[in-house]
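# Observations on chain architecture
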Amino acid sequence: MNILFSRIIKSVDWKLGFILWVSMILLSAGVNILLEYRQVESIARAQAEAIVDYIDVMGEWNRSHDGIYYKRNASGKDTYSWINSYMMMAELSQIANKEKQVKFRITSLKPLNQRNAPTGWESESLKLFENGVKQTGGFIENDTRYRFMMPLYTSKECLQCHGHQGYKVGDVRGGIS
């Protein structure tokens, strides 16, 4: 009886040890996958934030000059056209969306142009911005793309076109997505 009991104990010890060893490997792998995901998300967020900041700086530069004139060739003739910050960002967005991996757009809960109406995710983000949230972002489910959004605040220059919508300087007017 002692020999049989001893063999059972040794068998249980070996199996229990093996189960614990496999469990530790699986736990370690799971933690490493989670840490890797968080690292990738952190890098994606930092890149998205830098891009949005840069886009906002371009708009701010344009607004500080009350818009800019640019040379274009229409029908074989050089002409100069005035462009405000919104129109400049819309044109940059069209170029980026066609040619680059980074896509962006300006949106609002009260768009003057319906092409700028928010998607469901953007609408949720804009409402969060009105409640003080500074940015939203994350990987799109079942996709490798990262989406990100930051608010656009109303400046005095914005009121030339958006004043009739009830905005005041400092209000969240929309967002860069």
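Residues numbered from 1 in each chain as written. Predicted model: local features only at pLDDT ≥ 70, side-chain atom pairs only at ≥ 80, totals over all residues. Heavy atoms only, no water.

On to the side chain of T136. Looking at where T136 falls in the secondary structure, it is placed in strand β4 (residues 136–139). A distance of 2.8 Å separates the side chain of T136 from the side chain of S125, its partner in a polar contact. With near-sequence residues (within four places) excluded, T136 lies in contact with R45, W121, S125, L128, F129, R147, F148 and M149. (Helix = DSSP H or I, 4+ residues; strand = E, 2+ residues; numbered from the N terminus. Polar contact = N/O pair within 3.5 Å; in protein donor to acceptor, adjacent residues only side chain to side chain. Contact = heavy atoms within 4.5 Å.)

On the surface, F18, I19, W21 and I25 cluster together into a nonpolar patch covering about 440 Å² of accessible area. Within the secondary structure layout, I19 lies in helix α1 (residues 2–64). With relative accessibility at 52%, the residue I19 sits in the exposed group. (Patch = residues over 30% accessible without salt bridge, like charges linked within 9 Å, V, L, I, M, F, W, Y side chains within 5 Å. Areas by Shrake-Rupley, 256 points an atom, 1.4 Å probe, with all protein chains shown as cover. Salt bridge = Lys/Arg side-chain N within 4 Å of Asp/Glu carboxyl O. Buried < 20%, exposed > 50% of the residue type's maximum accessible area, 1.4 Å probe, protein only.)

Here the focus is the side chain of S93. Inspection of the secondary structure assignment puts S93 in helix α2 (residues 85–99). Its relative accessible area of 7% is what places S93 among the buried residues. Setting aside residues up to four positions removed in sequence, S93 forms contacts with F104 and R105.

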